[in-house]
Amino acid sequence: MKVDRELVRHLEILARLTLTEEEEMKMIKDMNDILAYVEKIGELDLHGVEPTYTVVEARTVLRKDEVRKGLAQKMALANVPAKKGNFIKVSSIQG
Amino acid sequence: MKMRNDYKIVIGLEIHAQLLTKTKMFCGCSTEYSFDDPNTNVCPVCMGMPGALPITNEQAIRFGVKAALALNCRVNLYSRFDRKNYFYPDLPKGYQISQYKYPLAEHGYLPIETPNGEKKVRIRRLHLEEDAGKLIHQSDKIDTAEYSLVDLNRAGIPLAEIVTEPDMASPREARIFMEKLRNILRYIDVCNGNLEEGSLRCDANISLVDPETGRSTPRIEVKNINSFKFVEHALEYEANRLRRFFEGDKDVVRETRGWDSKLQMTISQRGKEEENDYRYFPEPDIPPIVLREEFIEEIKGELPELPDAKKKRFMQMYNIPEYDASILVSSKELANFFEECCAKYDKPKIVSNWIMTEVLRELKERGVEINETKITSKHLVELLKEIDKGTISANTAKSVLERAFETGEMPNEIVEKQGLKQISNADEIRKIVQKVVEENPKVVAQYRGGKTKAMAFFIGQVMKVTRGKANPKMVNQLVKEALESPEE
C-alpha cells in the first residue's frame, strides 16, 4: 500500500481535518515510513497461521448488569474545552 | 409521458433497538437519563477517556440472544466486537464499538401478514453495539454562530441492530414489519419500542425495479423515521420520487435522505456519502464472545409466548375470530388484560368487543397502554356484569367506562353517584311514554297513518326525558304498545 496525496485528502475528510500543503507532504512521508516499517512483517511466511485478534486469553469476560457510580457531573465536565450549562459545547458540524 | 405504476418496490430495513438493561453496554453507568440533567451518568469508559477499558454487559448479550431467538435467527457461538471509525461530536472515542465481521446472530426471519397473505421477511443479521451521545443543534441569535450541545448520558447504551433482507415490496409491508417487530421486542421485554422517543429507530433502504427491463433505480437510504405512520409516508414519498428516475430525472442519485415530518418529504443529506468508510478493525480491548449451547437453550426456555402463538391460542381457547385475536395480541398488555377479564367473565367475545371498541378508543385518545391507565380487568368485568343484570344499558355503560378511565372509580360507584341506574320499571316507563304520546298528537297521527318510522321519534323522546337511562328494550315495547293501542 502506498500513501499518496489523494489518500491523505480522503483521510482529512474522514478525520474532519484540514491540513496545509506542507503538512500533507509531511503526512505522506510519515505514513509511508510507518507502513514500510510494519510491512516488514510481510516477510514472514504465515500460511496456516490464524490471525491474532486479541492478546487477551480467548475467554469471554462479562460484567453483571449492576449500576456503578461513574463520574460526578462536575468532574466529568472538568476538562471539557467549552461548556454551556452542563452540556459540552462543540462547533456545529456542517453536512 | 404517462407515469407507470408497475415498478417493483424493494425495501430493506435497518433497525436499532435500545436494550432495557440497567447499565450501559461496556460500563456500569446507569442507562436512565433525562434531558434536563445532561452528563450525569458518565464515566471514563463512555466518555472515551484514554486508558479506560470496556467490559461487556452480560444482560445485553442475553437480551441480544433473546431477540435473535424470537426472530428465528441462528445465534453464533462465536462473535466479536469491532471498531467502526468515524468522527462526530456525539462519539467521544472516535469509534463506535459494534459487531461487523462476526455478528451475534444471523439468518432469521419474521412472518408478516400482508394484504396479499402471509410472507416471510428474512433477517440478515442481529448484532450488538453501543449508542452515541445526544447532540442538540443550536444557533445563537446574537452572533449567529452555530454550535451544538453534547449530552453523553445516552453514549454507550446497548443497541441491537437488526438488518433485514430487502424483502418488503411496499411501504405498507415495511410498516407492518416494524409494528410486528416492535410488538415482539416488547413481548420479550428487551426494548420498550418507542419510535417517537428514539428507543427504537428505523432506517430504510429503498429502490425501484422495472420488471420489463430489469433496470433498477439507485438505492436510497431514508433516515430519521420516528413514527410508524412515517415509515409508510416517507417510503411512499420516496417511491414516488424514485419513479422519476425512469423518466430520466438526473436528480435521482444514490444518497442518504432524511424524512422531514413537517414538510412531509425526504431531504437530501448530501455529503454524508464519503463518510461511509468506517475502516472497521477488531476491538482489541474485548475478548471474543464465546457462548455455550446451554446458555442459548436456557434463554430459549425463558422466551414467553410470542404474538403469533398467542393469537392461535386465543382463537382456539376463547373461540374468537382471527381478526379479534390479532388485535388483542398486538400489545402484550392488552392481551393480558383480555385474559384477566376472561378469567372472571366467561363471555370472551363480549370482552373482546368491548376491548376492540371502547377500551381501544380510550387508549388511543390517551396515547397509553392499558397498564398505564386507572382501569383494571375488575372495572370492565363489573361493568359487563351490570349490563347483564340490566342495571345499566350498554349505552350508559360506555359513558361509565369513560368516567372510570378518568377517575379510576369502580363502575358501581359511578352508577350510584351519577344516578345512572337503568329504569326497568314498566309502570314508570309507561307513564313517560304516555306523556310523550299525548304531547305529540301530530306524530301519533303520522304513525297511525302508516309512517312507522315515526316510532324512532318517540323512543328518542323517552330516552331524552330519562337521560338515556330507560331500558331500551322495554321502551321499544311500550312505545309500540301505546301507539298501536286502539284510539280512545
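Residues numbered from 1 in each chain as written. Chains lettered and ligands numbered in written order. Predicted model: local features only at pLDDT ≥ 70, side-chain atom pairs only at ≥ 80, totals over all residues. Heavy atoms only, no water.

**As for the overall build of chain B**
No. 1: A count of helices and strands for chain B gives 15 helices and 17 strands.
No. 2: Relative to a compact globule of 488 residues, whose C-alpha radius of gyration would be 23 Å, chain B shows 30 Å and is clearly more extended.
No. 3: Referenced to the eigenvectors of the C-alpha coordinate spread, the extents of chain B come out at roughly 100 × 60 × 60 Å.
No. 4: Here chain B holds 488 residues, and the buried ones make up 52% of them. (Helix = DSSP H or I, 4+ residues; strand = E, 2+ residues; numbered from the N terminus. Rg over C-alpha atoms; globule rule 2.2 N^0.38 Å. Buried < 20%, exposed > 50% of the residue type's maximum accessible area, 1.4 Å probe, protein only.)

**A look at the overall build of chain A**
No. 1: When you go through chain A residue by residue, the secondary structure sums to three helices and three strands.
No. 2: Helices and strands in chain A line up, N terminus first, as α-α-β-α-β-β.
No. 3: Since a compact globule built from 95 residues should have a radius of gyration of about 12 Å, the 22 Å found for chain A marks it as more spread out than a globular shape.
No. 4: A principal-axis box enclosing the C-alpha atoms of chain A has dimensions of 55 × 45 × 25 Å.
No. 5: Taking all 95 residues of chain A together, 20% fall into the buried category.
No. 6: The long-range share in chain A, meaning contacts at least 24 apart out of those at least 6 apart in sequence, stands at 29%.
No. 7: Of the roughly 7,800 Å² of accessible surface on chain A, 58% is carried by carbon and sulfur atoms.
No. 8: If the 16 positive side-chain charges of chain A are averaged to one point and the 16 negative ones to another, these points end up 15 Å apart. (Contact = heavy atoms within 4.5 Å. Areas by Shrake-Rupley, 256 points an atom, 1.4 Å probe, with all protein chains shown as cover. Lys, Arg positive; Asp, Glu negative; His and termini not counted. Charge placed at Lys NZ, Arg CZ, Asp CG, Glu CD.)

**Here's the deal with unusual backbone geometry**
No. 1: Its identity is not glycine, yet Arg16(A) carries a phi of approximately 55°, on the positive side.
No. 2: Owing to a relative accessible area of 32%, Arg16(A) belongs among the partly exposed residues under this scheme.
No. 3: Unusually for a residue other than glycine, His107(B) sits at a positive phi of about 55°.
No. 4: With respect to the element layout, His107(B) can be found in strand E7 (residues 105–114).

**Looking at the nonpolar core**
Residue and element names in this part refer to chain B.
No. 1: One finds Leu13, Val65, Leu126, Phe177, Met178, Ile206 and Leu291 to be the most contacted residues of the largest nonpolar core, which totals 86 residues.
No. 2: If you tally residues by element for this core, the top one is helix H1 (residues 58–70), at eight residues.
No. 3: Residue contacts for Ile206: discarding those within four places in its chain leaves Ile9, Val10, Ile11, Pro218, Arg219, Ile220, Val222, Leu235, Glu238, Ala239 and Leu242.
No. 4: Judged by nonpolar contacts, the second largest core, of 33 residues, contains Ala335, Leu384, Ala404 and Val415. (Core = buried A, V, L, I, M, F, W, Y, C linked by side-chain atoms within 4.5 Å.)

**A look at the domain arrangement of chain B**
A common way to report how large an interface is uses the accessible area buried once the components associate.
No. 1: Domain boundaries assigned for chain B yield domain 1 (8–294), domain 2 (305–417) and domain 3 (426–484).
No. 2: Summarising the inter-unit geometry, the C-alpha centres of domain 2 of chain B and domain 3 of chain B are found 33 Å apart. (Domains from an automatic or database assignment.)

**Focus on the packing of helix H5 (residues 307–317) of chain B against helix H7 (residues 332–344) of chain B**
Residue and element names in this part refer to chain B.
No. 1: Running from amino to carboxyl end, H5 crosses H7 at an angle of 20°, the nearest separation of the two axes being 12 Å. Viewed along their axes, H5 and H7 adopt a mutual orientation that is roughly parallel. Two packed elements cross with a definite hand, and for H5 against H7 that hand is left-handed. Contacts from Lys310, Arg313, Phe314 and Met317 of H5 reach H7 at Ala335, Asn336, Phe338 and Glu339.
No. 2: In terms of residue class, the contact of H5 with H7 is made up of four nonpolar, one polar and three charged. (Axes fitted to C-alpha atoms, helices over the stretch in contact; angles between N-to-C directions. Parallel < 35°, antiparallel > 145°, perpendicular 65-115°, else oblique. Left-handed = near helix turned anticlockwise from the far one by under 90°. Nonpolar A, V, L, I, M, F, W, Y, C, P; charged D, E, K, R; others polar.)

**Digging into the pattern of salt bridges**
No. 1: Scanning all chains against the criterion turns up 48 salt bridges over all chains.
No. 2: Among the salt bridges present, the one from Asp30(A) reaches Lys26(A), with a minimum N-O distance of 3.2 Å. Of this pair, Asp30(A) and Lys26(A) are both found in helix H2 (residues 21–39), four residues apart, which corresponds to roughly one turn of the helix.
No. 3: Since its relative accessible area comes to 30%, Asp30(A) is described here as partly exposed.
No. 4: On the accessibility criterion, Lys26(A) (54% relative accessible area) is exposed.
No. 5: Between Asp82(B) and Arg80(B) there is a salt bridge, with its nearest N and O atoms 3.6 Å apart. The pair Asp82(B) / Arg80(B) is uniform in exposure class, with both members buried. (Salt bridge = Lys/Arg side-chain N within 4 Å of Asp/Glu carboxyl O.)

**Digging into the interface of chain A and chain B**
No. 1: On the side of chain B, 53 residues touch chain A, which itself brings 36 residues to the contact.
No. 2: Across the interface of chain A and chain B, roughly 3,900 Å² is buried in total on both sides, 60% from carbon and sulfur atoms.
No. 3: The residue Glu58(B) makes a salt bridge to Lys64(A) at a minimum N-O spacing of 3.6 Å.
No. 4: Our count for the contact surface shared by chain A and chain B stands at 22 residue pairs in polar contact (both at pLDDT 80 or more).
No. 5: Breaking the side of chain A that touches chain B down by element, the ones donating at least two residues are helix H1 (5–15), strand E1 (62–63), helix H3 (73–76) and strand E3 (87–91) of chain A.
No. 6: Residues belonging to the side of chain A that touches chain B are distributed by class as follows: 16 nonpolar, ten polar and ten charged.
No. 7: Relative to strand E2 (residues 56–57) of chain B, E1(A) is paired through two bridges, and the arrangement is parallel. (Buried area = accessible area lost by both parts, 1.4 Å probe. Polar contact = N/O pair within 3.5 Å; in protein donor to acceptor, adjacent residues only side chain to side chain. Pairing = 2+ DSSP bridges.)

**Notes on the environment of Arg80(B)**
No. 1: Assignment of secondary structure puts Arg80(B) in the loop between strand E4 (78–79) and strand E5 (82–85).
No. 2: Between the C-alpha atom of Arg80(B) and that of Thr256(B), which follows or precedes it by 176 residues, the distance is 28 Å.
No. 3: Arg80(B) has contacts with Tyr53(A), Ser98(B), Gln99(B), Lys101(B), Tyr102(B), Pro282(B) and Pro288(B), leaving out every residue within four places of it along the chain.

**Re the state of the cysteines**
Residues and elements named next belong to chain B.
No. 1: Tallied over the full model, the rule gives zero disulfides over all chains.
No. 2: Residue Cys43 stays outside any disulfide, its sulfur separated by 3.6 Å from that of Cys29, the closest cysteine.
No. 3: Exposure remark for Cys43: the relative accessible area of 9% places this residue in the buried category. (Disulfide = S-S within 2.5 Å.)

**Focus on a nonpolar patch on the surface**
All names here are of chain A.
No. 1: On the surface, Ile34, Tyr37, Val38, Ile41, Leu44, Leu46 and Val49 cluster together into a nonpolar patch covering about 770 Å² of accessible area.
No. 2: The residue Val49 is located in the loop between H2 and E1 in this model.
No. 3: Its relative accessible area of 52% is what places Val49 among the exposed residues. (Patch = residues over 30% accessible without salt bridge, like charges linked within 9 Å, V, L, I, M, F, W, Y side chains within 5 Å.)

**Digging into the confidence of the model for chain A**
No. 1: Looking at chain A, pLDDT values average 88 and 95% of them are 70 or higher.
No. 2: Taking the mean pLDDT of every element in chain A, the minimum, 89, falls on H1(A) and the maximum, 94, on E1(A). (pLDDT = per-residue confidence, 0-100.)

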